[in-house]
Amino acid sequence: GTFAGHQLTPQNYLFNQSRHGKSKIDKAAFRGDKVAGAYKGKSYHFTIKKGTQDRASLEIMLAQHLSQNKAQLNYQIVGRGEQQEYKFQKLGHEKLKTPAGTFNTIKVKVIRKDGKRDTTFWMAKELGYMPVKVVHREKKDLITSIIKKYKKL
């Protein structure tokens, strides 16, 4: 994607996941107010709202908005062949110890209507509000990701 001021505009997106013997590929190309791509081998193309992100650039926008202390954390994204709305709720501040060090974080949760999945992020102030811990629960699966090390460029 590209930045213009504080606005991030996605250009190309690729998601490739293999899990439990199944593969999911989602790819998209953003051109102005249009997106074209394919999800699970089915093509899609449609008009998107201004400011729409892909699933990867969403984390960058979330980090930027946390650094600006924005109250509303609502985003339009393209994922899985459709435009979706993602909403986050701030759950407070937490000091988090990880193998990469101790961080001052803002804990945020993805708000979902169906309640079938639960995702919580710990976004580190010291790293520009990038995630240092993510916990995702879905059906019988529990996935936890914790930063082990990082290198400043």
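Here, every reference points to the structure presented above.
Residues numbered from 1 in each chain as written. Predicted model: local features only at pLDDT ≥ 70, side-chain atom pairs only at ≥ 80, totals over all residues. Heavy atoms only, no water.

Peer 1: Give a description of the packing of aromatic side chains that names residues and reports values.
Peer 2: Under the defined criterion, the tally for this structure stands at four aromatic pairs. Taken together, a centroid distance of 6.0 Å and an interplanar angle of 55° make the contact between Phe 103 and Tyr 150 tilted. With a gap of 47 residues between them, Phe 103 in strand β10 (residues 101-111) and Tyr 150 in the segment after β13 (141-146) connect regions that are remote in the sequence. Overall, Phe 103 belongs to the buried group, its relative accessible area being 3%. A residue is classified by how much of its surface remains accessible, and Tyr 150, at 40% relative accessible area, is partly exposed. Among the aromatic residues, those joined into a cluster by ring pairs are Tyr 75, Phe 88 and Phe 121. Between Lys 133 and the ring centre of Trp 122, over which it is positioned, the NZ or CZ distance is 4.6 Å. (Phe/Tyr/Trp six-rings, centres within 6.5 Å; stacked < 30°, edge-to-face > 60°. Helix = DSSP H or I, 4+ residues; strand = E, 2+ residues; numbered from the N terminus. Buried < 20%, exposed > 50% of the residue type's maximum accessible area, 1.4 Å probe, protein only. Lys NZ or Arg CZ within 6 Å of the ring centre and 35° of its normal.)

Peer 1: Provide a residue-level description of a nonpolar patch on the surface, including the pertinent values.
Peer 2: Taken together, the side chains of Phe 3, Ile 60 and Met 130 present a nonpolar region at the surface, about 260 Å² in accessible area. Tracing the backbone shows Met 130 in strand β12 (residues 130-138). (Patch = residues over 30% accessible without salt bridge, like charges linked within 9 Å, V, L, I, M, F, W, Y side chains within 5 Å. Areas by Shrake-Rupley, 256 points an atom, 1.4 Å probe, with all protein chains shown as cover. Salt bridge = Lys/Arg side-chain N within 4 Å of Asp/Glu carboxyl O.)

Peer 1: Requested: an account of the pairing of strand β11 (residues 117-124), with residues and values cited.
Peer 2: With seven of eight residues buried, β11 lies mostly within the body of the structure. As defined by bridge partners, β10 adjoins β11 across five bridges and the pair is classed as antiparallel. For Ile 106, the partnering residue across the bridge sits in β11 and is Met 123. Strand direction decides the pairing type here: β11 and β12, joined by eight bridges, are antiparallel. Across the sheet, residue Trp 122 finds its bridge partner in β12, namely Lys 133. (Pairing = 2+ DSSP bridges.)

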